[in-house]
Each structure stands twice: as structure tokens, then as C-alpha cells.
Amino acid sequence: QVQLVESGGGLVQAGGSLRLSCAASGGTFSRYYMGWFRQALGKEREFVAAIRWSTGNTYYADSVKGRFTISRDNAKNTVYLQMNSLKPEDTAVYSCAAARQQLVVPTRATEYGYWGQGTQVTVSS
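Let us look at the structure shown here. (Residues numbered from 1 in each chain as written. Predicted model: local features only at pLDDT ≥ 70, side-chain atom pairs only at ≥ 80, totals over all residues. Heavy atoms only, no water.)

**Focus on the overall build of the chain**
Stage number 1. Scanning the chain from terminus to terminus reveals 0 helices and 11 strands.
Stage number 2. Put simply, the chain runs from its N terminus to its C terminus through helices and strands in the order β-β-β-β-β-β-β-β-β-β-β.
Stage number 3. Radius of gyration (C-alpha) of the chain: 13 Å, near the 14 Å computed for a compact globule of 125 residues.
Stage number 4. Its C-alpha atoms give the chain principal-axis dimensions of about 40 × 25 × 25 Å.
Stage number 5. Counting every position in the chain, which comprises 125 residues, the buried fraction comes to 42%.
Stage number 6. For the chain, long-range pairs separated by at least 24 residues make up 59% of all intrachain contacts whose partners lie at least 6 apart in sequence.
Stage number 7. Accessible area for the chain stands at about 6500 Å²; split by element, carbon and sulfur atoms hold 46% of it.
Stage number 8. Each charge class in the chain was averaged separately, 13 positive and 8 negative side chains, and the resulting centres sit 7 Å apart. (Helix = DSSP H or I, 4+ residues; strand = E, 2+ residues; numbered from the N terminus. Rg over C-alpha atoms; globule rule 2.2 N^0.38 Å. Buried < 20%, exposed > 50% of the residue type's maximum accessible area, 1.4 Å probe, protein only. Contact = heavy atoms within 4.5 Å. Areas by Shrake-Rupley, 256 points an atom, 1.4 Å probe, with all protein chains shown as cover. Lys, Arg positive; Asp, Glu negative; His and termini not counted. Charge placed at Lys NZ, Arg CZ, Asp CG, Glu CD.)

Below is the structure:
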């Protein structure tokens, strides 16, 4: 059974950086897309970034492009989200998710079948 465990959230000042980790187990992740989503208080969950595990191809929401970087470590079965130049509007619960590989990169939450518990990121102004 696929399990995803996030870590690395916290409180940071605007302009700062954080790195989130997602430790994955219980699956053959070379056959998956791994994604990061976030949900701010009172708002809908939104796509942040995704990576196709087998190729390393990455995809980003426009709101984070150029500031966030998604990557994976095959040996550790871990996906990372490096977040730089953080803004107060980046404040949200960030969740890692896994979706079976498909033809088009999945950017909707409904396309992901496995989720971690989420980690809070708070950016102060």
C-alpha cells in the first residue's frame, strides 16, 4: 500500500526558503507522477508542482514558477519541494500526492489516488 509522509513545513519570513520532503513507500514509483498541492484556509486545494518519476520531467503552476523546484531522489524514494522567495500568499497546508502514470501530467487533485497527511507552511510578512 502506497504511503506518503511529508516533512519540512514551518514558519518563515517573506523572502525566505523552505524545503519540503515527501517520503514514499509501498509502490513502484517509477510508474507514478508525484505532485505537490496546497490548500490555504478557506480556499480550494490547488496544484503546485508535479514530477514524472521515470523521466524527471517537471511541471509547475504559474504562481510558483521560477521560485519553487520539485525533484526526486531515487535512492531515498523521496520527493522534494524547494521553495524560495516565499510570499505570505504561499501560506497553506502543503500535501504530497501520487498518481499512476498517464499520458498527460495530472494537475487536478482528483487524478491523484494517494495523499500524505500535509504539512503547514506559514510565511509571515
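Next comes the rest of the account.
**Quick notes on the environment of L41**
Stage number 1. With respect to the helices and strands, L41 occurs in the loop between β4 (32–39) and β5 (46–52).
Stage number 2. L41 sits 23 residues away from L18 along the chain, and the two C-alpha atoms are 20 Å apart.

**Some remarks on the pairing of strand β3 (residues 18–25)**
Stage number 1. In terms of strand pairing, strand β1 (residues 3–7) meets β3 through 5 bridges, oriented antiparallel. What sits directly across from V5, in β3, is A23.
Stage number 2. The pairing of β3 with strand β8 (residues 78–83) spans 6 bridges and is classified as antiparallel. Looking across to β8, one finds that R19 is bridged to Q82. (Pairing = 2+ DSSP bridges.)

**So, the packing of aromatic side chains**
Stage number 1. Within the structure shown, the criterion is met by 8 aromatic pairs.
Stage number 2. For the pair F29 and Y32, a centre-to-centre distance of 5.3 Å together with 45° between the ring planes defines the contact as tilted. Each of the two residues, F29 as well as Y32, counts as buried.
Stage number 3. Ring centres of F37 and F47 lie 5.7 Å apart, and the angle between their planes is 75°; this geometry places the pair in the edge-to-face category. Taken together, the residues span a long stretch of sequence, with F37 in strand β4 and F47 in strand β5 at a distance of 10 residues. Taken individually, F37 and F47 each receive the classification buried, so the pair is uniform in this respect.
Stage number 4. One aromatic cluster in this structure is built from F29, Y32, W53 and Y114. (Phe/Tyr/Trp six-rings, centres within 6.5 Å; stacked < 30°, edge-to-face > 60°.)

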